[in-house]
Each structure stands twice: as structure tokens, then as C-alpha cells.
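If you want the building blocks of each chain, they are given just below.
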Amino acid sequence: RLTHGRHFDVRKYDVKTEIYVPAGLVLGLTLSASNRDFHESLHEELVNVSYVHHLHPCDVVGAFSYITDVDENLPGELESISVRTIGVKNSDFEGVDIPMELLTTERTYTKNVDRICKSLCPKLTNAIIAVVDRKIIRQSNRRAVFLL
């Protein structure tokens, strides 16, 4: 059988263990899973991306985000937020306490992330696929107070 270079050769390679999703697509899946929570984004800058574990084509991707900093000192009705987004595969977070150390650590290497997950949140062990730090400039949702 002929296969195209962009198609999966599932006869030769196992989909669940030997075929990986490319890093650019992992980033796109992670950000698209979390971007619906951020309204009116005007500009986005990636500060750091760490790919922690592999993603296979049959895996389901989800994400959660934590706002690390808000800067409201921009002109007009704008604000700049610093966000850490963590992409996960095949996980449900209902009732799971996400460790704060995972959301605030500067070292997002595989070894460090695995250590945090094993000790503080075993359900996330081997489930984190990407840790993305980014800055978003968006329209502020604050309301001006009108006094009479």
C-alpha cells in the first residue's frame, strides 16, 4: 500500500505508542483549548513553551490556565495579562486540586514537572503535554465609575 508522507502508516507503526503529534500542533491544540476563556485578545506573545510528554493522535487534549500577573497601566481600555497554560491529555479535572507549585515554578522541565505531579497530584503524572507561558494584551473588562 502507498502512503503519503503526511499520513499515518498504521500498518507499520502503532498509533498509541509510536506515532507522535508534532510540537506545533500540540501548541495549537493547547492554546485553542484554553483561549475561549480569554475575551477580546488583541495581541499574544509566547514567552516560554515546554513540551513535557508526547501526544499521540488518539489522545484527547484539554487545558487549564492560571493568570500570574495583570498590568492595567496600558493606555485606553487595555490590560496586559501574563498567563500560564498547561495542556493535558486524556484527563478529567473534576474534584482535582491543582498544585500551586506547578502553576508558579520557573523550571518547567519534564523532570521537575513529573516530580511535582508525583508528589502533589498523582492524577496529572504523565498527562501534561505542554506548559506555555504567554502575555496577552486584551480589552479590559473593568467599568468606569460615573459620579454625579
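Residues numbered from 1 in each chain as written. Predicted model: local features only at pLDDT ≥ 70, side-chain atom pairs only at ≥ 80, totals over all residues. Heavy atoms only, no water.

Listing the buried residues of helix H3 (residues 110–120) in full gives Asn-112, Val-113, Asp-114, Ile-116 and Cys-117. Residues of H3 that are buried make contact with helix H2 (100–104) and strand S4 (128–139). (Buried < 20%, exposed > 50% of the residue type's maximum accessible area, 1.4 Å probe, protein only. Helix = DSSP H or I, 4+ residues; strand = E, 2+ residues; numbered from the N terminus. Contact = heavy atoms within 4.5 Å.)

This part is about the environment of Arg-84. Along the polypeptide, Arg-84 turns up in strand S3 (residues 78–89). Owing to a relative accessible area of 4%, Arg-84 belongs among the buried residues under this scheme. For the pair Arg-84 and Glu-106, spaced 22 residues apart in sequence, the C-alpha separation works out to 11 Å. With near-sequence residues (within four places) excluded, Arg-84 lies in contact with Phe-64, Ser-65, Tyr-66, Thr-68, Leu-102, Leu-103, Thr-104, Thr-105, Thr-108, Val-131, Val-132 and Asp-133. Among the polar contacts made by the side chain of Arg-84, one reaches the main-chain carbonyl oxygen of Leu-102 at a distance of 3.3 Å. (Polar contact = N/O pair within 3.5 Å; in protein donor to acceptor, adjacent residues only side chain to side chain.)

Attention now goes to the pattern of salt bridges. Applying the stated criterion to the full structure yields four salt bridges. Among the ionic pairs, Arg-138 bridges to Glu-79, the shortest N-O distance being 2.8 Å. Taken together, the positions of Arg-138 in strand S4 and Glu-79 in strand S3 put the pair 59 residues apart, joining distant regions of the chain. On the accessibility criterion, Arg-138 (8% relative accessible area) is buried. Glu-79 sits in the buried class, given a relative accessible area of 4%. Between Glu-101 and Arg-115 there is a salt bridge whose closest N-O contact spans 3.4 Å. Here Glu-101 is found in helix H2, whereas its partner Arg-115 is found in helix H3, with 14 residues between them in sequence. Glu-101 sits in the partly exposed class, given a relative accessible area of 36%. (Salt bridge = Lys/Arg side-chain N within 4 Å of Asp/Glu carboxyl O.)

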